[in-house]
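A closer look at the structure
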Amino acid sequence: MDSVTQILLGSAVGYATLGNKLGRKSLLVGAAFGTLPDLDVLINFGGDVENFVYHRSFSHSLIIQLLLSPFIAWLVAKMHWAKSVSLTRWSVAIFLIMSTHALLDTFTVYGTQLLWPLSNYPFGISSVFIIDPMYSLPLLFAFVALCFARTKPYASKINTTALVLSSLYLTWSLSAKWFIDSKILEALDKQAITFKQVESTPSPFNTLLWRAVATTEQGHYEIYASVFDSVDEIDIRFYKTENHILTGLEDQRIALLQNFTKGLYGVYQQEQSYVFSDLRMGLEGFYVFSFEIAKPFENNIELSDFRQLQNRPPLNRASLVFDRITNPNIDLSQIKTE
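This text gives an overview of the structure that appears in the document. Just so it is clear, the structure is predicted and the values come from calculations on it, not from any experiment.

**Digging into the nonpolar core**
Of all hydrophobic cores here, the largest spans 35 residues; its most connected members are Leu18, Phe33, Val76, Trp90, Ile94, Tyr135 and Leu139. Broken down by secondary-structure element, the contributors of at least two residues to this core are helix 1 (3–22), helix 2 (25–35), helix 4 (62–76), helix 5 (87–105), helix 6 (133–148) and helix 7 (152–190). The residues contacting Leu18, other than those within four sequence positions of it, are Gly23, Ser26, Val29, Val85, Arg89, Trp90 and Ala93. Ile254, Val267, Tyr274 and Met281 belong to the second-largest nonpolar core, a separate cluster that totals 23 residues.

Next up, the structure:
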């Protein structure tokens, strides 16, 4: 999830575990440790591909967090203002703040390596977008209210209510994903479309309109489905890709990308280069994570520098996404063409 949401969640968990000892200071403690796992973005792992793949690895591992929490707690407990909290309680609080950060990230499609170093598999449920105001707003309200609350019982109820509401929203997102997936599978079957794998993700800022990708040997289908759509109103379009060129290319970075995207990728020829795109985030023509992997040279294809390309959707057409929630006649390909 986005950094602001992780700060708010960390503050809420911090207050829930330390509030009766530290009061409003626990909000700052939670915000600090809620941000800590994402500081891995400051590390250069060796290149654009490596930075993409290794983000949310060791710093988001529940194993590493469990092992580090007592040591961090020991350091914090040495500070004068922290001595009112026992070392055991500090350890539990720090682990809960960091682990809820990692677990929340698994609800997005990007993936989180919860079991690193035992496994580098990126767990991703893909039931919420990386920024979702409906999840964040209860936590924001609680944070602001707790900054001014004068009585602890009153503040504690506000904080608990916010955590319950945000958790209920995650539960709703799982139900919505199950509902949408069943619709999409029915629509694909009705059109006799065969595919290797399919993955659905919420469209930006909501869990009412979903985008899915179904891959084939020749390309992939881009699918839009609203919770209000009938099966016949689901939009399915096919796009051809050039994935076959990877057969003749040998590079560890290609293997890293293939594994990390779980096979949900497309290779496109754009002008004088071949681009590898993660199909899970963005939309056709505007994928957030795209890398230039090769260039045609004479009669061969040579590896490129694997630099990440900036290819984000135009924000001036973003309103079409919200229009499509209730209107199946909205053509989201207009985002690409207008």
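**Remarks on the sheet that holds strand 4 (residues 235–240)**
Strand pairing in a sheet relies on backbone hydrogen bonds, with the paired strands running either antiparallel or parallel. With respect to topology, four strands assemble into an open sheet ordered 1-2-3-4, the strand pairing being antiparallel. Across the chains shown, the open sheet's two edge strands, defined by having one partner strand only, are strand 1 (197–202) and strand 4. When the angles between neighbouring strand axes are averaged without regard to direction, this sheet yields 20°. Across six bridges, strand 3 (residues 219–226) lies against strand 4 in antiparallel orientation. Bridge pairing in strand 4 links His220 to Tyr239. Strands strand 2 (209–215), strand 3 and strand 4 of the sheet are contacted by helix 9 (residues 319–326), whose axis makes an angle of about 65° with strand 3.

**As for the packing of helix 1 against helix 7**
Where helix 1 contacts helix 7, the axes come no closer than 10 Å and their chain directions differ by 140°. Between helix 1 and helix 7, the angle is such that the two are oblique. Note that helix 1 runs across helix 7; the crossing there is left-handed. Across from Leu9, Ala12, Tyr15, Ala16, Gly19 and Asn20 in helix 1, the residues of helix 7 making contact are Lys152, Ala155, Ser156, Asn159 and Leu163. Classifying every residue of the contact of helix 1 with helix 7 gives six nonpolar, four polar and one charged.

**Considering the pairing of strand 3**
The element strand 3 is extensively covered by neighbouring structure, given that eight of its eight residues are classed as buried. Here strand 2 pairs with strand 3 via seven bridges, running antiparallel. Bridge pairing in strand 3 places Arg211 opposite Tyr224. Joining the antiparallel neighbours strand 2 and strand 3 is a turn of three residues.

Reading guide: rules and limits
Residues numbered from 1 in each chain as written. Predicted model: local features only at pLDDT ≥ 70, side-chain atom pairs only at ≥ 80, totals over all residues. Heavy atoms only, no water. Core = buried A, V, L, I, M, F, W, Y, C linked by side-chain atoms within 4.5 Å. Buried < 20%, exposed > 50% of the residue type's maximum accessible area, 1.4 Å probe, protein only. Helix = DSSP H or I, 4+ residues; strand = E, 2+ residues; numbered from the N terminus. Contact = heavy atoms within 4.5 Å. Pairing = 2+ DSSP bridges. Axes fitted to C-alpha atoms, helices over the stretch in contact; angles between N-to-C directions. Parallel < 35°, antiparallel > 145°, perpendicular 65-115°, else oblique. Left-handed = near helix turned anticlockwise from the far one by under 90°. Nonpolar A, V, L, I, M, F, W, Y, C, P; charged D, E, K, R; others polar.

Purely geometric stuff here, so don't read any function into it on its own.
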